[in-house]
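Here is what each chain is made of, one letter per residue.
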Amino acid sequence: MKIFGIKSLVFPEIKVIKFARFLDNRGYFTELYKRSDFQQVDFLKDKEFVQNNESYSKKGVIRGLHFQWNPYQEKLIRTVRGSMIDLFLDIRIGSPTFGKIGAYKLESKNENDFSEWIWIPVGFAHGLFLLEDSTIEYYCTSEYSPKTEASISPTAPDIDWSLVDKNTADQYRQSLPTANISEKDKEGITLAQWTKDPRSQFYKY
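Residues numbered from 1 in each chain as written. Predicted model: local features only at pLDDT ≥ 70, side-chain atom pairs only at ≥ 80, totals over all residues. Heavy atoms only, no water.

Visitor: Tell me about the overall build of the chain, and name the residues and values.
Guide: Secondary structure assignment for the chain yields four helices and 12 strands. Across its three principal directions, the C-alpha atoms of the chain cover 55 × 40 × 30 Å. A total of 205 residues make up the chain; the buried ones form 50% of that total. Of all intrachain contacts in the chain linking residues separated by at least 6 positions in sequence, the fraction that spans at least 24 positions is 80%. (Helix = DSSP H or I, 4+ residues; strand = E, 2+ residues; numbered from the N terminus. Buried < 20%, exposed > 50% of the residue type's maximum accessible area, 1.4 Å probe, protein only. Contact = heavy atoms within 4.5 Å.)

Next comes the structure, spelled out in C-alpha coordinates:
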(Lines give C-alpha, C1' and ligand atoms only; values in the text may rest on other atoms or scores of the structure.)
Protein backbone atom coordinates (compact mmCIF):
# COMPACT_ATOMS: atom_id res chain seq x y z
CA MET A 1 0.00 0.00 0.00
CA LYS A 2 1.58 3.27 -1.09
CA ILE A 3 0.59 6.04 1.35
CA PHE A 4 1.10 9.52 -0.13
CA GLY A 5 0.49 11.39 3.08
CA ILE A 6 -1.51 11.78 6.28
CA LYS A 7 -3.08 15.04 7.43
CA SER A 8 -5.09 16.20 10.42
CA LEU A 9 -8.32 18.11 9.98
CA VAL A 10 -9.92 20.77 12.22
CA PHE A 11 -9.71 18.26 15.06
CA PRO A 12 -6.18 16.83 15.30
CA GLU A 13 -7.62 13.41 16.20
CA ILE A 14 -9.39 13.16 12.81
CA LYS A 15 -6.97 12.02 10.10
CA VAL A 16 -7.10 11.66 6.33
CA ILE A 17 -4.88 9.02 4.75
CA LYS A 18 -4.14 9.56 1.06
CA PHE A 19 -3.00 6.46 -0.81
CA ALA A 20 -2.05 5.58 -4.37
CA ARG A 21 -3.97 4.12 -7.25
CA PHE A 22 -1.91 2.77 -10.13
CA LEU A 23 -3.48 3.81 -13.43
CA ASP A 24 -2.98 2.47 -16.92
CA ASN A 25 -5.04 2.14 -20.10
CA ARG A 26 -7.04 -0.74 -18.58
CA GLY A 27 -8.13 1.12 -15.44
CA TYR A 28 -6.46 1.11 -12.03
CA PHE A 29 -5.24 -1.12 -9.20
CA THR A 30 -4.86 -0.18 -5.55
CA GLU A 31 -4.16 -1.80 -2.21
CA LEU A 32 -6.87 -0.60 0.18
CA TYR A 33 -5.37 -2.03 3.32
CA LYS A 34 -2.01 -3.59 4.14
CA ARG A 35 -1.47 -4.47 7.78
CA SER A 36 2.29 -4.01 7.74
CA ASP A 37 1.93 -0.50 6.33
CA PHE A 38 -0.81 0.46 8.78
CA GLN A 39 1.43 -0.72 11.63
CA GLN A 40 3.84 2.05 10.65
CA VAL A 41 1.12 4.67 11.26
CA ASP A 42 1.17 5.81 14.89
CA PHE A 43 -2.58 6.14 15.45
CA LEU A 44 -3.37 2.86 13.66
CA LYS A 45 -0.51 0.56 14.66
CA ASP A 46 -2.41 -1.03 17.56
CA LYS A 47 -5.83 -1.09 15.90
CA GLU A 48 -7.51 -4.31 14.81
CA PHE A 49 -10.33 -4.09 12.29
CA VAL A 50 -12.99 -6.73 12.95
CA GLN A 51 -15.95 -5.66 10.80
CA ASN A 52 -16.21 -4.33 7.27
CA ASN A 53 -19.37 -2.54 6.09
CA GLU A 54 -20.62 -1.16 2.80
CA SER A 55 -23.53 1.23 2.36
CA TYR A 56 -25.21 2.75 -0.67
CA SER A 57 -27.02 6.06 -0.31
CA LYS A 58 -28.89 8.21 -2.78
CA LYS A 59 -28.18 11.88 -3.40
CA GLY A 60 -29.61 14.04 -0.62
CA VAL A 61 -29.43 11.37 2.08
CA ILE A 62 -28.09 12.39 5.49
CA ARG A 63 -27.00 9.65 7.90
CA GLY A 64 -25.91 10.06 11.51
CA LEU A 65 -24.67 11.29 13.79
CA HIS A 66 -23.81 7.87 15.28
CA PHE A 67 -21.50 6.52 17.98
CA GLN A 68 -21.26 3.45 20.24
CA TRP A 69 -19.50 2.27 23.40
CA ASN A 70 -18.99 -1.07 25.17
CA PRO A 71 -17.26 -1.74 22.90
CA TYR A 72 -16.19 1.60 21.46
CA GLN A 73 -16.20 1.61 17.67
CA GLU A 74 -13.65 3.53 15.65
CA LYS A 75 -14.01 3.78 11.88
CA LEU A 76 -11.88 4.04 8.77
CA ILE A 77 -14.11 5.27 5.94
CA ARG A 78 -13.78 5.82 2.21
CA THR A 79 -16.01 6.58 -0.73
CA VAL A 80 -15.97 3.64 -3.15
CA ARG A 81 -17.83 5.61 -5.81
CA GLY A 82 -19.60 8.93 -5.69
CA SER A 83 -19.20 12.01 -3.53
CA MET A 84 -20.12 12.89 0.05
CA ILE A 85 -19.40 15.24 2.90
CA ASP A 86 -18.13 13.27 5.89
CA LEU A 87 -19.27 14.76 9.21
CA PHE A 88 -17.67 14.36 12.65
CA LEU A 89 -19.00 15.93 15.85
CA ASP A 90 -17.03 16.30 19.09
CA ILE A 91 -19.13 14.72 21.89
CA ARG A 92 -16.39 14.60 24.55
CA ILE A 93 -17.57 16.16 27.79
CA GLY A 94 -15.05 18.81 28.84
CA SER A 95 -13.44 19.12 25.42
CA PRO A 96 -12.66 22.72 24.35
CA THR A 97 -14.32 21.89 21.03
CA PHE A 98 -17.33 20.05 22.49
CA GLY A 99 -20.38 20.47 20.27
CA LYS A 100 -18.40 21.62 17.24
CA ILE A 101 -18.70 19.71 13.99
CA GLY A 102 -16.18 19.23 11.20
CA ALA A 103 -16.70 18.31 7.56
CA TYR A 104 -14.54 16.82 4.81
CA LYS A 105 -15.41 16.05 1.20
CA LEU A 106 -14.64 12.47 0.19
CA GLU A 107 -15.15 11.53 -3.43
CA SER A 108 -14.02 8.82 -5.79
CA LYS A 109 -13.38 9.31 -9.48
CA ASN A 110 -11.95 6.52 -11.63
CA GLU A 111 -9.43 8.86 -13.23
CA ASN A 112 -7.85 9.87 -9.91
CA ASP A 113 -4.43 8.41 -9.11
CA PHE A 114 -5.25 8.41 -5.39
CA SER A 115 -8.01 7.67 -2.92
CA GLU A 116 -8.53 8.60 0.74
CA TRP A 117 -9.50 7.06 4.04
CA ILE A 118 -10.81 9.19 6.89
CA TRP A 119 -10.19 8.05 10.48
CA ILE A 120 -12.94 8.64 13.09
CA PRO A 121 -11.69 7.81 16.62
CA VAL A 122 -13.53 7.49 19.93
CA GLY A 123 -15.13 10.74 21.08
CA PHE A 124 -16.74 11.76 17.81
CA ALA A 125 -20.21 11.11 16.43
CA HIS A 126 -20.11 10.35 12.73
CA GLY A 127 -22.41 11.14 9.82
CA LEU A 128 -22.65 11.45 6.05
CA PHE A 129 -24.19 13.99 3.67
CA LEU A 130 -24.49 12.57 0.16
CA LEU A 131 -23.82 14.91 -2.76
CA GLU A 132 -24.66 12.22 -5.33
CA ASP A 133 -25.63 8.55 -5.36
CA SER A 134 -22.66 6.96 -3.60
CA THR A 135 -21.24 3.75 -2.16
CA ILE A 136 -19.30 3.98 1.11
CA GLU A 137 -17.05 1.43 2.83
CA TYR A 138 -16.15 1.26 6.55
CA TYR A 139 -13.55 -0.71 8.46
CA CYS A 140 -14.54 -0.89 12.15
CA THR A 141 -12.52 -1.71 15.27
CA SER A 142 -15.47 -3.45 16.93
CA GLU A 143 -18.63 -5.23 15.92
CA TYR A 144 -21.89 -3.33 15.81
CA SER A 145 -23.62 -3.24 19.20
CA PRO A 146 -27.23 -1.97 18.90
CA LYS A 147 -27.72 -1.96 22.68
CA THR A 148 -24.85 0.45 23.25
CA GLU A 149 -25.28 2.92 20.43
CA ALA A 150 -26.76 6.42 20.38
CA SER A 151 -26.97 9.36 18.03
CA ILE A 152 -27.14 13.11 17.93
CA SER A 153 -29.84 14.22 15.51
CA PRO A 154 -28.40 15.67 12.29
CA THR A 155 -31.07 18.36 12.62
CA ALA A 156 -30.10 19.32 16.21
CA PRO A 157 -30.16 23.13 16.40
CA ASP A 158 -27.33 23.35 18.95
CA ILE A 159 -24.58 21.84 16.79
CA ASP A 160 -21.83 24.43 16.30
CA TRP A 161 -20.86 24.77 12.63
CA SER A 162 -18.24 27.49 13.14
CA LEU A 163 -15.34 25.22 12.09
CA VAL A 164 -16.93 24.35 8.73
CA ASP A 165 -16.51 26.58 5.70
CA LYS A 166 -19.58 28.70 5.04
CA ASN A 167 -20.42 27.22 1.64
CA THR A 168 -20.50 23.66 2.99
CA ALA A 169 -22.46 24.65 6.10
CA ASP A 170 -25.00 26.58 4.00
CA GLN A 171 -25.34 23.69 1.54
CA TYR A 172 -26.09 21.33 4.42
CA ARG A 173 -28.61 23.62 6.09
CA GLN A 174 -30.40 24.34 2.82
CA SER A 175 -30.72 20.61 2.15
CA LEU A 176 -32.39 19.81 5.49
CA PRO A 177 -36.03 20.55 4.51
CA THR A 178 -35.91 17.96 1.72
CA ALA A 179 -33.13 15.66 2.95
CA ASN A 180 -33.78 11.93 3.16
CA ILE A 181 -33.17 11.16 6.86
CA SER A 182 -34.38 8.04 8.65
CA GLU A 183 -36.89 8.45 11.45
CA LYS A 184 -34.40 6.84 13.82
CA ASP A 185 -31.79 9.47 13.00
CA LYS A 186 -34.29 12.33 13.24
CA GLU A 187 -35.16 11.13 16.73
CA GLY A 188 -31.55 11.39 17.89
CA ILE A 189 -30.97 13.67 20.84
CA THR A 190 -29.63 17.24 20.94
CA LEU A 191 -26.28 18.22 22.42
CA ALA A 192 -28.04 19.78 25.39
CA GLN A 193 -29.76 16.47 26.06
CA TRP A 194 -26.45 14.63 25.64
CA THR A 195 -24.76 16.70 28.35
CA LYS A 196 -27.47 15.55 30.81
CA ASP A 197 -27.41 11.93 29.65
CA PRO A 198 -25.55 9.58 32.04
CA ARG A 199 -24.08 7.80 29.02
CA SER A 200 -22.09 10.94 28.21
CA GLN A 201 -19.71 10.03 31.06
CA PHE A 202 -18.28 7.38 28.75
CA TYR A 203 -16.97 10.25 26.63
CA LYS A 204 -15.05 12.48 29.03
CA TYR A 205 -12.24 14.54 27.50
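Visitor: Run through the packing of aromatic side chains, naming residues and quoting values.
Guide: Applying the stated rule across the entire model yields 19 aromatic pairs. Plain terms: the ring middles of Trp69 and Phe202 are 5.9 Å apart, the flat faces sit at 15° to each other, and that makes the pair stacked. In this pair, Trp69 is assigned in the loop between strand E6 (62-68) and strand E7 (75-90) and Phe202 in the segment after helix H4 (191-196), connecting sequence segments 133 residues apart. Judged by its relative accessible area of 6%, Trp69 falls in the buried class. Judged by its relative accessible area of 44%, Phe202 falls in the partly exposed class. Taken together, the ring pairs in this structure connect Phe19, Tyr33, Phe38, Phe43, Phe49, Trp117, Trp119 and Tyr139 into an aromatic cluster. Between Lys18 and the ring centre of Phe114, over which it is positioned, the NZ or CZ distance is 4.4 Å. Across the ring face of Tyr28, the terminal group of Arg21 is positioned such that the distance to the ring centre comes to 4.2 Å. (Phe/Tyr/Trp six-rings, centres within 6.5 Å; stacked < 30°, edge-to-face > 60°. Lys NZ or Arg CZ within 6 Å of the ring centre and 35° of its normal.)

Visitor: How would you summarise the confidence of the model for the chain if you had to cite specific residues and measurements?
Guide: Per-residue confidence for the chain gives a mean pLDDT of 95, with 100% of residues at or over 70. Confidence scores differ between elements of the chain, with helix H1 (residues 35-38) showing the lowest mean pLDDT of 89 and strand E10 (residues 124-130) the highest of 98. (pLDDT = per-residue confidence, 0-100.)

Visitor: So what's going on with a nonpolar patch on the surface? Which residues, and what values?
Guide: On the surface, Tyr72, Val122 and Phe202 cluster together into a nonpolar patch covering about 260 Å² of accessible area. Val122 gets classed as partly exposed once you look at its relative accessible area, which sits at 34%. (Patch = residues over 30% accessible without salt bridge, like charges linked within 9 Å, V, L, I, M, F, W, Y side chains within 5 Å. Areas by Shrake-Rupley, 256 points an atom, 1.4 Å probe, with all protein chains shown as cover. Salt bridge = Lys/Arg side-chain N within 4 Å of Asp/Glu carboxyl O.)

Visitor: An account of the pairing of E6 is requested, with residue identities and associated values reported.
Guide: Within E6, five of the seven residues are buried, which leaves the element mostly enclosed by the surrounding structure. For E6 and E10, the ladder comprises three bridges, and the chain directions are antiparallel. Its bridge partner being in E10, Arg63 is matched across the sheet by Leu128. Sheet analysis places E6 next to strand E12 (residues 149-151), joined by three bridges and oriented antiparallel. Looking at the pairing, Gln68 lines up with Glu149 of E12. (Pairing = 2+ DSSP bridges.)

Visitor: Explain the nonpolar core to me, and be specific about the residues and the numbers.
Guide: Of all hydrophobic cores here, the largest spans 26 residues; its most connected members are Phe67, Leu89, Ile152 and Ile159. Secondary structure elements with two or more residues in this core: E6, E7, E10, helix H2 (166-175) and H4. When residues no more than four places from it in sequence are discounted, the contact partners of Ile159 are Leu65, Leu89, Gly99, Ile101, Ile152, Ser153 and Leu191. Of all hydrophobic cores here, the second largest spans 18 residues; its members include Leu9, Phe88, Leu106 and Ile118. (Core = buried A, V, L, I, M, F, W, Y, C linked by side-chain atoms within 4.5 Å.)

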